[in-house]
Amino acid sequence: MRDIDPVSLRLFLATLEEGSIARAAARESIVPSAVSKRISEMEAQLRVPLLDRGAKGAQATPAGQALAHHARQLLQSMDRMQREMAGYVEGVRGVIKVLASVTSLSGELPADILRFRADRPQIEVDVEERVTPAIYRGVREGLADVGVASEFASHEGLQVFPYRRYVLAAVLPAGHARARTRGVAYADLLDDDLVELGRDSGIAQVFDEAAREAHASRTVRARVSSFETICTLVARGMGVGVAPLYLKASKERSLGVRFVPLSDPWAQPRSFVAVRDFDALPLAAQAFVAHLRASAAAVD
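The residue numbering used here restarts from 1 in each chain and proceeds along that chain's sequence as written. Residue-level local features of this predicted model are given only where pLDDT is at least 70; pairs of side-chain atoms are given and counted only at 80 or more, and the full residue set underlies all totals for whole chains, interfaces and linings. To get the side-chain values, take all heavy atoms of the structure and skip hydrogens and water.

This part covers the packing of aromatic side chains. Here a Phe, Tyr or Trp ring, Trp counted by its six-membered ring, pairs with any other such ring whose centre lies within 6.5 Å, and the pair is stacked when the planes are under 30 degrees apart, edge-to-face when over 60, and tilted otherwise. Tallied over the entire structure, the rule returns 6 aromatic pairs. Taking 6.5 Å as the distance between ring centres and 65 degrees as the angle between the ring planes, the aromatic pair formed by Tyr-166 and Tyr-246 counts as edge-to-face. Here Tyr-246 lies in the loop between strand 10 (240-244) and helix 10 (248-255) and Tyr-166 lies in the loop between strand 6 (159-165) and strand 7 (168-172), a separation of 80 residues in the sequence. Relative accessible area serves as the criterion here: at 34%, Tyr-246 is assigned to the partly exposed category. Starting at the N terminus, helices and strands are each numbered in turn, a helix being any DSSP run of H or I of at least four residues and a strand any DSSP run of E of at least two. Each residue is assigned to one of three classes by its accessible area relative to the maximum for its type, calculated with a 1.4 Å probe on protein chains only: buried under 20%, partly exposed between the two thresholds, exposed over 50%.

Pasting the structure below:
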């Protein structure tokens with residue numbers, strides 16, 4: 001069997017994404033007959049139909065769905081390979097793709113990345129913020145070399161290494177009745193309006209479960225994308241929120257809010273460094289993971 005080339009795979013995926021050969025051809029700047037021919041050749045090579053061509057457009061058969069899954073992984077790996085090889089041309093010996101949670105990016109991760117880059121200026125670190133479930137899913141699917149996220153989502157199928165432990169705290173207006181207490185349970189916040197991260201964040205499910213265990217409802221007035229925004233909205237009277245305690249020094253002083261540690265057993269979570277297979281990582285990514293683990297060990 002002749003090898004299937006990446007161009008054919010890209011055209012096949014474009015057809016699925018656009019829903020028709022004609023729209024895929026327009027997107028890829030190629031004539032429709034050439035797209036149709038390449039897909040027909042793949043069907044002949046694989047000896048299975050890949051597309052159902054009907055009045056509703058082109059849809060994947062079960063075999064086509066399986067091919068699409070493998071094609072995306074293959075093309076993503078090729079894209080990463082090309083980026084890394086381009087780095088060698090430019091004198092950069094390695095490009096690491098990192099997915100990181102808002103909690104990690106609000107904490108020590110940026111400083112750890114800067115220290116790594118200072119020691120290894122020939123290595124590029126590309127960072128993209130995602131919610132925790134999407135980070136673990138992205139690493140599992142090969143969209144990134146490394147993920148850094150909390151324990152508030154499943155990381156099944158990945159190798160994970162402990163990174164940082166942090167404390168969650170209630171963020172309260174200065175005049176709140178509990179602003180001067182030493183600790184507070186999450187259930188004690190449910191009488192107030194809440195400002196929280198988006199529904200797709202890992203911690204959202206934790207809050208849902210805590211409210212169910214307290215047999216209480218909760219009123220979320222705003223969902224935002226960062227802990228900094230939570231603190232800002234609390235300061236402006238939108239409600240109360242939860243954020244990592246390590247933001248206390250800067251936010252209490254600049255915004256006039258108060259941080260009170262949560263007393264719940266889940267309120268001191270661990271974040272992890274996640275990879276699919278450490279031994280299969282490029283050497284640059286292995287060095288980055290080792291750097292993060294050493295940094296974490298130094299403070300434990």
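Two strands qualify as a pair provided DSSP detects at least 2 bridges between them. In this structure, strand 1 (residues 51-54) lies alongside strand 2 (residues 57-60), joined through 4 bridges in antiparallel fashion. In the strand pairing of strand 2, Asp-52 is matched with Gln-59. The antiparallel pairing of strand 1 with strand 2 creates a hairpin that spans 2 residues between the two strands.

Take the packing of helix 1 (residues 6-18) against helix 2 (residues 21-28) next. Fitting a line to C-alpha atoms yields each axis, with helices limited to the stretch in contact; the angle taken between N-to-C directions then spans 0 to 180 degrees. Where helix 1 meets helix 2, the axes come as close as 8 Å, and the angle between the chain directions of the two elements is 120 degrees. The angle between helix 1 and helix 2 places the two elements in the oblique class. Regarding helix 1 and helix 2, the two cross each other, and that crossing is right-handed. Contacts between helix 1 and helix 2 pair Leu-11, Ala-14, Thr-15, Glu-17 and Glu-18 from the former with Ile-21, Arg-23, Ala-24, Arg-27 and Glu-28 from the latter. All amino acids are sorted into three groups, where Ala, Val, Leu, Ile, Met, Phe, Trp, Tyr, Cys and Pro are nonpolar, Asp, Glu, Lys and Arg are charged, and the leftover types, Gly among them, are polar. Of the residues that constitute the contact of helix 1 with helix 2, the class distribution is 4 nonpolar, 1 polar and 5 charged. Oblique is the label for any angle not covered by the other classes, which are roughly parallel (under 35 degrees), roughly antiparallel (over 145) and roughly perpendicular (65 to 115). For any helix crossing, the convention is left-handed if the near helix is rotated counterclockwise from the far helix by under a right angle, and right-handed if that rotation is clockwise. Here, two residues are considered to be in contact whenever any of their heavy atoms come within 4.5 Å of each other.

Any carboxyl oxygen of Asp or Glu within 4 Å of a side-chain nitrogen of Lys or Arg constitutes a salt bridge here. The final tally for this structure, using the stated rule, is 17 salt bridges. Here Arg-115 ties to Asp-112 by a salt bridge, and the two come within 2.4 Å at their closest N and O atoms. Here Asp-112 and Arg-115 lie together in helix 6 (residues 109-119), a separation of 3 residues that amounts to about one turn. Take Arg-115: its relative accessible area is 41%, and that puts it in the partly exposed class. We note a salt bridge from Glu-209 to Arg-212, for which the minimum N-O separation is 2.8 Å. With Glu-209 and Arg-212 both in helix 8 (residues 202-213) and 3 residues apart, the pair spans about one turn of that helix. Residue Glu-209 is classed as partly exposed on the basis of its relative accessible area, which comes to 34%.

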